[in-house]
Amino acid sequence: MDSIRNILTNPNVGIIFMIPGLEETFRVNGKACVSRDQELLDKTAANGKLPLLGIGVAIEECYMHCGKAFKRSGLWDPGRWLSRSDVPSAARIIAAHVGDKIQITEGEVQQSLNESYTKRLY
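As the structure is a computational prediction, the values presented were derived from the model and not from experiment.

### Regarding the packing of aromatic side chains
Tallied over the entire structure, the rule returns two aromatic pairs. On the basis of an interplanar angle of 40° and a centroid distance of 6.3 Å, the ring pair of phenylalanine 17 and phenylalanine 26 is categorised as tilted. By relative accessible area, which is 44% here, phenylalanine 17 ends up partly exposed.

### Looking at unusual backbone geometry
Residue asparagine 47 is not a glycine yet carries a positive backbone phi of 50°. Tracing the backbone through its elements, the reader meets asparagine 47 in the loop between helix 2 (38-42) and strand 3 (54-65).

### A short note on the packing of helix 4 (residues 90-98) against helix 5 (residues 106-119)
Axis angle and axis distance: for two packed helices, these are the angle between their axes and the distance between the axes, and together they describe the pair. Between helix 4 and helix 5, the shortest axis-to-axis distance is 8 Å and the interhelical angle comes to 120°. Considered as vectors, helix 4 and helix 5 are oriented oblique to each other. As helix 4 runs across helix 5, the sense of the crossing is right-handed. Across the interface between the two elements, Ala90, Ala91, Arg92, Ile94 and Ala95 from helix 4 touch Glu106, Val109, Gln110 and Leu113 from helix 5.

### A closer look at the pattern of salt bridges
Taken as a whole and judged by the stated rule, the model has five salt bridges. Between glutamate 60 and lysine 31 there is a salt bridge whose closest N-O contact spans 3.7 Å. Note that glutamate 60 is positioned in strand 3 and lysine 31 in strand 2 (residues 25-35), a separation of 29 residues in sequence. On the basis of relative accessibility, which here comes to 36%, the residue lysine 31 falls in the partly exposed class. Linking arginine 92 and glutamate 106 is a salt bridge whose minimum nitrogen-to-oxygen distance equals 3.1 Å. Linking arginine 92 in helix 4 with glutamate 106 in helix 5, this pair joins segments that are 14 residues apart in sequence. Relative accessible area serves as the criterion here: at 48%, arginine 92 is assigned to the partly exposed category.

### Description of the side chain of asparagine 29
By secondary structure assignment, the location of asparagine 29 is in strand 2. Within polar-contact distance, the side chain of asparagine 29 engages the side chain of arginine 27 at 2.7 Å. Reaching out from asparagine 29, the side chain makes a polar contact with the side chain of glutamate 61 at a distance of 2.8 Å. Beyond its immediate sequence surroundings of up to four residues, asparagine 29 is in contact with Val13, Gly14, Ala58, Ile59, Glu60, Glu61 and Tyr63.

### Observations concerning the state of the cysteines
Counted according to the given criterion, the structure contains zero disulfides. Summary of cysteine pairing: cysteine 66 is not part of a disulfide, and the nearest cysteine sulfur, belonging to cysteine 62, is at 17 Å.

Calculation notes
- Residues numbered from 1 in each chain as written.
- Predicted model: local features only at pLDDT ≥ 70, side-chain atom pairs only at ≥ 80, totals over all residues.
- Heavy atoms only, no water.
- Phe/Tyr/Trp six-rings, centres within 6.5 Å; stacked < 30°, edge-to-face > 60°.
- Buried < 20%, exposed > 50% of the residue type's maximum accessible area, 1.4 Å probe, protein only.
- Helix = DSSP H or I, 4+ residues; strand = E, 2+ residues; numbered from the N terminus.
- Axes fitted to C-alpha atoms, helices over the stretch in contact; angles between N-to-C directions.
- Parallel < 35°, antiparallel > 145°, perpendicular 65-115°, else oblique.
- Left-handed = near helix turned anticlockwise from the far one by under 90°.
- Contact = heavy atoms within 4.5 Å.
- Salt bridge = Lys/Arg side-chain N within 4 Å of Asp/Glu carboxyl O.
- Polar contact = N/O pair within 3.5 Å; in protein donor to acceptor, adjacent residues only side chain to side chain.
- Disulfide = S-S within 2.5 Å.

Structure, rendered in structure tokens:
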């Protein structure tokens, strides 16, 4: 919902495509729109499920980014990753982020994520 609201407010978008293990990235800049075009949505069905909305991008420019940042950061080098116990869970991050606005625990967020992943993946 946030992305759709952002597009309706300001259609300028920048998208970076990353392929695990490839240090170079592909950048696309353009204007986005929200679409309910059934012909387009039909082409994006996954496991028999159709999306309610689609996001289209009129490309204004695209280019490759060199891999220097990924090389320096070691992003694709598992030997440089933090141990899993040192990384907060997505549920912890989300609960901390929205905690000022709504009362929700990390466990409740995790339960909601698990339900979403198992019942609404497509």
